[in-house]
Amino acid sequence: EDQVTQSPEALRLQEGESSSLNCSYTVSGLRGLFWYRQDPGKGPEFLFTLYSAGEEKEKERLKATLTKKESFLHITAPKPEDSATYLCAVQFNQAGTALIFGKGTTLSVSS
Amino acid sequence: NAGVTQTPKFQVLKTGQSMTLQCAQDMNHNSMYWYRQDPGMGLRLIYYSASEGTTDKGEVPNGYNVSRLNKREFSLRLESAAPSQTSVYFCASSDQGSNQPQHFGDGTRLSIL
């Protein structure tokens, strides 16, 4: 069973069509939940860290939220340049500083 | 700012050959990591070094060795490459302590024939 699950696997949006990506986790003792963006042929680029339920972080058209066992990445009025794979990762007490990654959601935004 | 630099960017090996992947960071981070990324599998931790002089196994360490050469550099070695090690390898670094984000290089694309 995957410890971190992201859905959907792929998402196609029209420019301006808002939506949300989901990341759920089964681990206990969460230390932090991280969102990354990955462009083709590049390494993951850090976006946000969330530490506790109820926390929210924003950056341009992206807003990340955290509940007890899941996180959402809301994309408001997306543009084609938001097209990328979005990765979620968790860090929990028993694993030190290691990150457990989900498989990602590939977002395509067309104009 | 260079951040995390990985060399080489691409490599093709034959089964049984050895290879060292190099990683250097210029952010004065204490912790460094090696991941592999395979289609449908996500990023998986191979080895990490919480601080200079220490290394620990991650989720998929078999077939690999690492060396933390100094605070800046962390290398990954394949002693006898196998086709199952065909993957994209990413190095990352972070400040010491929990909740610190990891910052990634752009990867080494390795094919083993």
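All values derive from a computational prediction rather than experimental measurement.

Undergrad: Help me get a handle on the overall build of chain B, residues and values and all.
TA: Broken down by element type, chain B carries zero helices and 11 strands. Each helix and strand of chain B, ordered N terminal to C terminal, gives the series β-β-β-β-β-β-β-β-β-β-β. Computed over C-alpha atoms, the radius of gyration of chain B comes to 13 Å, within 12% of the 13 Å expected from 2.2 N^0.38 for 113 residues, which places it in the range of a compact globule. The dimensions of chain B, computed from C-alpha atoms along their principal axes, are 40 × 30 × 25 Å.

Undergrad: Pulling in residues and values, what's your account of the overall build of chain A?
TA: Per the secondary structure count, chain A includes zero helices and 11 strands. What you see in chain A, going N to C, is helices and strands ordered as β-β-β-β-β-β-β-β-β-β-β. Here the C-alpha radius of gyration of chain A, 13 Å, is about what a compact globule of 111 residues would show, namely 13 Å. The C-alpha extent of chain A, read off along each of the three principal axes, is 45 × 30 × 25 Å. Going through the 111 residues of chain A one by one, you find that 46% of them count as buried. Put simply, of all contacts in chain A between residues at least 6 apart along the chain, 55% involve residues at least 24 apart. Just so you have it, chain A exposes about 5,300 Å², and 46% of that area is on carbon and sulfur atoms. Here chain A contributes 12 positive and 14 negative side-chain charges, whose respective centroids are spaced 4 Å apart.

Undergrad: So, the pattern of salt bridges: which residues are in play, and what are the values?
TA: All names here are of chain B. If you walk through the whole model with that rule in mind, you get eight salt bridges over all chains. In this structure, D38 and R36 form a salt bridge, with 2.9 Å as the shortest nitrogen-oxygen distance. Residue D38 is classed as buried on the basis of its relative accessible area of 11%. A network of salt bridges, in which partner residues are shared, links R36, D38 and R44.

Undergrad: Report on the environment of K9(B), specifying residues and quantitative values.
TA: The residue K9(B) is located in the loop between β1 (4-7) and β2 (10-13) in this model. The contact partners of K9(B), leaving out residues within four places of it in the chain, are G107(B), T108(B) and R109(B).

Undergrad: Account for the state of the cysteines, naming residues and giving values.
TA: All names here are of chain A. Under the counting rule described, the total for this entry stands at two disulfides over all chains. Disulfide pairing is shown between C23 and C88; the S-S distance is 1.9 Å. Torsion about the S-S bond of the C23 and C88 cystine: about -60 degrees, corresponding to left-handed handedness. With a gap of 65 residues between them, C23 in strand β3 (residues 19-25) and C88 in strand β9 (residues 84-92) connect regions that are remote in the sequence. Classification of C88 as buried rests on a relative accessible area of 0%.

Undergrad: An account of the nonpolar core is needed here, citing residue identities and associated values.
TA: Of all hydrophobic cores here, the largest spans 24 residues; its most connected members are L33(A), W35(A), L73(A) and Y86(A). Secondary-structure elements contributing two or more residues to this core are β2 (10-14), β3, β4 (30-38), β5 (45-50), β7 (62-66), β8 (70-75), β9 and β11 (105-110) of chain A. For this core, the element with the most residues is β9(A), which contributes five residues. Apart from the residues lying within four places of it in its own chain, the contact partners of L73(A) are S19(A), S20(A), L21(A), W35(A), F48(A), L62(A), K63(A), A64(A) and Y86(A). Among the nonpolar cores identified, the runner-up in size contains 20 residues, and V4(B), M32(B), C91(B) and I112(B) belong to it.

Undergrad: I'd like to hear about the sheet that holds β8(A), residue by residue, with values.
TA: Within a sheet, each strand pairs with its neighbour through backbone hydrogen bonds, oriented either parallel or antiparallel. Residues and elements named next belong to chain A. In space, the five strands of this open sheet follow the order β1-β3-β8-β7-β6, with antiparallel pairing throughout. Each of the sheet's edge strands pairs with one partner strand only, and the pair in question is β1 (4-7) and β6 (56-59). Averaged over all pairs of adjacent strands, the angle between strand axes in this sheet comes to 15 degrees, irrespective of strand direction. In the sheet, β6 pairs with β7 via four bridges, with the strands oriented antiparallel. Following the sheet pairing, K59 is matched in β7 by L62.

Rules and cut-offs
- Residues numbered from 1 in each chain as written.
- Chains lettered and ligands numbered in written order.
- Predicted model: local features only at pLDDT ≥ 70, side-chain atom pairs only at ≥ 80, totals over all residues.
- Heavy atoms only, no water.
- Helix = DSSP H or I, 4+ residues; strand = E, 2+ residues; numbered from the N terminus.
- Rg over C-alpha atoms; globule rule 2.2 N^0.38 Å.
- Buried < 20%, exposed > 50% of the residue type's maximum accessible area, 1.4 Å probe, protein only.
- Contact = heavy atoms within 4.5 Å.
- Areas by Shrake-Rupley, 256 points an atom, 1.4 Å probe, with all protein chains shown as cover.
- Lys, Arg positive; Asp, Glu negative; His and termini not counted.
- Charge placed at Lys NZ, Arg CZ, Asp CG, Glu CD.
- Salt bridge = Lys/Arg side-chain N within 4 Å of Asp/Glu carboxyl O.
- Disulfide = S-S within 2.5 Å.
- Core = buried A, V, L, I, M, F, W, Y, C linked by side-chain atoms within 4.5 Å.
- Pairing = 2+ DSSP bridges.
- Axes fitted to C-alpha atoms, helices over the stretch in contact; angles between N-to-C directions.

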